[in-house]
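These are the residues of each chain, in order.
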Amino acid sequence: RPFHVEPTNIVSVNDDMQRVTDEASAMNKRIHYYSRLTSPADRALIAPDHVLPAPDEIYVYSPLGTAFKVDSCTDGYGKNSSIVTIFMIWNTMMGTSILSIPWGIKQAGFTSGIILILLMGILTLYCCYRVVKSRKMIPLIDTSNWEFPDVCKYYFGSFGQWSSLLFSMVSLVGAMVVYWVLMSNFLFNTGKFIYNFFHYINVTDIVPGTNGSNKVICPSAASGHPPQNRSVMFSSGNNTGFELFEEWWNKSQTVPFYLIAVLLPLLNLKSPSFFAKFNVLGTVSVVYLVFLVTVKAARLGIHLEYNWFTENDFFVPEFRILFPQLTGVLTLAFFIHNCVITLLQNNRNQENNVRDLSIAYFLVGLTYLYVGVIIFASFPSPPLSKECIEQNFLDNFPSDDIMSFVARIFLLFQMMTVYPLLGYLARVQLLRQFFGNAYPSVFHVLVLNVAIVGAGVAMARFYPNIGGIIRYSGATCGLAFVFVYPSLIYVISLHRAGQLTWPALITHIFIILLGLANLIAQFLL
């Protein structure tokens, strides 16, 4: 791609040549990275008008469910300022886990939940430091274009290459399954709201809840009832039509299948770059969720009672044995380790990487802490028990709640634009490893996409628990990318340099054991 440099404000020919050289070098690094995701014949990620439209536009893809584009944010040399870098990391990490943080705090207990969010943030940040430093500790090799899987391959050979692929696929497919469950949920509640509004139906729910204009419900208390609209009274001129709607608009039995008609064709597109244009909605959705919980808390008030180890009808203990369920969720909530090198390598001042990464983690942790604590503290107990807090806290607001309806609309559209990008990443990583081409044929791509969609539909149908899915996938991929690989690579590099000490060895063995215990605990509790 040709580069044109305006002569204005160029002090000397040497400065002019240096700018061209720096800009070309930055562009070449980006082209090299994206071209590695596909075969040479597949130009889906290297066409200038798609992923690299100009030196001042950057697409950042994350297996966590975020695709982020920065427009006109660079300094003209293909580099980002610290503020842009911090925002990109924050935006990439803020995923669907935020919806399950209040549930996780309930499972762990209020006090222990706050402590665990802080400790997991610090621990995952330290492991992220180790990832960033890992490629710089390899001597005599140019690792400027390496990603963390490349580092794993260097230290562990083919085992590192294939195991990193496996755990990366776990994070990708896990995110896509969570997305399908949530999209089914949001589409169901949105359709229910629209139908009731236009047909002038006033539904009285049998689900226990508070009274008044700021209603909060407890869906888990009505788990013995059919998982439909759960309504017994309505005022409408056409009762048969309402019953027919309930039969064909069911959260687990019909709605997950309706999504196939829209999303399966989108997964088969060769290039998903069009959908990256809409991912500013991810930031808008998070900001709106923070606004929603703030307004709800102001209206509901604070409802807390400290019972350190005993449980009563309305409150949970401050410390609970179920705390590993929160650590599993937090492992995925703070997971950025397999793409953090990509995000930081375009930072204008590389010496600020540690500082910028720390600030981004602080902001992410603050966002999680704010949403989780506010929802838990303001949940109206009594009359409802804190045990009623759902794995998706939006489920604690009825479908006719206007603010929750807007949040579901935002999240539904944002997830429908991100889902094809996640599918494309899964296709690139898997098919290119086996066939050397991200799009070997329509048949190969269709089989893979049907398998991924089938997993999402099955989970939405039989296990629509996003908290459970997040903690299982988070603890699994986190074991490799957060706890084991960064610690082992650091220990091995110190040993080869003759700098390994017993405190360093014991510390990193302890981190590995924490990750293993975190994974095992998910299946025991």
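Since the structure is predicted, the reported quantities are computational estimates derived from the model, not experimental observations.

Turning our attention to the overall build of the protein. Secondary structure summary: the protein contains 15 helices and four strands in total. The buried share among the 525 residues of the protein stands at 57%. Pairs at least 24 residues apart make up 78% of the contacts formed inside the protein by residues separated by at least 6 positions. For the protein, the exposed area adds up to about 22,300 Å²; of that, 66% sits on carbon and sulfur atoms.

A separate point is the confidence of the model for the protein. Of all residues in the protein, 81% have pLDDT values of 70 or greater, and the mean over the chain is 81. Here strand S1 (residues 57–62) stands out as the element of the protein with the lowest mean pLDDT, 42, in contrast to helix H3 (residues 101–108), whose mean of 96 is the highest. Below a pLDDT of 50 lies the segment residues 1–65, which in the model reaches 136 contacts outside its immediate sequence neighbourhood of four places, other chains included. In this model residues 69–73 is a low-confidence stretch, pLDDT under 50, and it forms 16 contacts with partners more than four residues away in sequence or in other chains.

With twelve residues, helix H2 (residues 82–93) should cover 16 Å at 1.5 Å per step; its first-to-last C-alpha distance of 17 Å lies within 8% of that length. Within H2, ten of the twelve residues are buried, which leaves it mostly tucked inside the rest of the structure. For H2, every residue scored as buried is listed here: Ser 82, Val 84, Thr 85, Ile 86, Met 88, Ile 89, Trp 90, Asn 91, Thr 92 and Met 93.

Applying the stated criterion to the full structure yields one disulfide. The partner cysteine of Cys 218 in its disulfide is Cys 388, sulfur to sulfur 2.1 Å. The sign of the S-S torsion, about -80 degrees, decides the handedness of the disulfide formed by Cys 218 and Cys 388: left-handed. Pair noted here: Cys 218 is in the loop between strand S3 (204–205) and strand S4 (231–233) and Cys 388 is in the loop between helix H11 (353–378) and helix H12 (402–435), with a separation of 170 residues, a long-range link.

Of all hydrophobic cores here, the largest spans 122 residues; its most connected members are Leu 99, Phe 393, Leu 394 and Tyr 419. The dominant element in this core, judged by the number of residues it contributes, is helix H5 (residues 148–198), at 18 residues. In terms of nonpolar packing, the next biggest core, distinct from the first, is built from seven residues, Phe 188, Tyr 195, Phe 245 and Val 255 among them.

Each pair of packed helices gets described by two things: the angle between the helix axes and the distance between those axes. Two elements in contact, H3 and H11, have axes separated by 8 Å at closest approach and are oriented at 65 degrees. Classified by the interaxial angle, the pair formed by H3 and H11 is roughly perpendicular. Note on packing geometry: the crossing formed by H3 with H11 is right-handed. The segment H3 lies against H11, with Ile 101, Pro 102, Ile 105 and Lys 106 engaging Tyr 368, Val 371, Gly 372, Val 373, Ile 375 and Phe 376.

We now examine the side chain of Ser 404. With respect to the helices and strands, the residue Ser 404 is situated in helix H12. Leaving out residues up to four positions away in the same chain, Ser 404 has contacts with Leu 292 and Phe 397.

Taken together, the side chains of Ile 115, Leu 119, Ile 122, Ile 302, Leu 304, Tyr 306, Trp 308, Phe 309 and Phe 319 present a nonpolar region at the surface, about 960 Å² in accessible area. Within the element layout of this structure, Leu 304 appears in the loop between helix H8 (280–300) and helix H9 (324–333). Leu 304 sits in the partly exposed class, given a relative accessible area of 33%.

Here we take up the packing of aromatic side chains. On inspection of all chains with the given rule, the structure shows 25 aromatic pairs. Relative to Tyr 306, the ring of Phe 110 lies with its centre 6.5 Å away and its plane at 55 degrees, an arrangement referred to as tilted. Taken together, the residues span a long stretch of sequence, with Phe 110 in helix H4 (residues 110–134) and Tyr 306 in the loop between H8 and H9 at a distance of 196 residues. Taken together, a centroid distance of 5.8 Å and an interplanar angle of 45 degrees make the contact between Tyr 288 and Phe 410 tilted. Highlighted residues: Tyr 288 in helix H8 and Phe 410 in helix H12, separated in sequence by 122 residues. Among the residues examined, Tyr 288 registers a relative accessible area of 15% and is labelled buried. Linked through ring pairs, Trp 146, Phe 148, Tyr 154, Tyr 155, Phe 156, Phe 335, Phe 481 and Tyr 485 together constitute an aromatic cluster. Against the face of Tyr 439 rests Lys 270, its NZ or CZ located 5.1 Å from the ring centre.

The final tally for this structure, using the stated rule, is four salt bridges. Residues Lys 106 and Glu 387 are paired through a salt bridge, measuring 3.6 Å at the closest nitrogen-oxygen approach. One end of the pair, Lys 106, is in helix H3; the other, Glu 387, is in the loop between H11 and H12, with 281 residues separating them in the sequence. Taking the relative accessible area as the measure of exposure, Glu 387 reaches 28% and is therefore partly exposed. Taking the shortest distance from any N to any O, the salt bridge between Asp 356 and Arg 355 comes out at 3.0 Å. A relative accessible area of 0% places Asp 356 in the buried class. Residue classification places Arg 355 among the partly exposed positions, given a relative accessible area of 42%. Each member of the salt-bridge network shares a partner with another, and the members are Lys 106, Arg 320 and Glu 387.

What counts as what
Residues numbered from 1 in each chain as written. Predicted model: local features only at pLDDT ≥ 70, side-chain atom pairs only at ≥ 80, totals over all residues. Heavy atoms only, no water. Helix = DSSP H or I, 4+ residues; strand = E, 2+ residues; numbered from the N terminus. Buried < 20%, exposed > 50% of the residue type's maximum accessible area, 1.4 Å probe, protein only. Contact = heavy atoms within 4.5 Å. Areas by Shrake-Rupley, 256 points an atom, 1.4 Å probe, with all protein chains shown as cover. pLDDT = per-residue confidence, 0-100. Expected span 1.5 Å × (residues − 1). Disulfide = S-S within 2.5 Å. Core = buried A, V, L, I, M, F, W, Y, C linked by side-chain atoms within 4.5 Å. Axes fitted to C-alpha atoms, helices over the stretch in contact; angles between N-to-C directions. Parallel < 35°, antiparallel > 145°, perpendicular 65-115°, else oblique. Left-handed = near helix turned anticlockwise from the far one by under 90°. Patch = residues over 30% accessible without salt bridge, like charges linked within 9 Å, V, L, I, M, F, W, Y side chains within 5 Å. Salt bridge = Lys/Arg side-chain N within 4 Å of Asp/Glu carboxyl O. Phe/Tyr/Trp six-rings, centres within 6.5 Å; stacked < 30°, edge-to-face > 60°. Lys NZ or Arg CZ within 6 Å of the ring centre and 35° of its normal.

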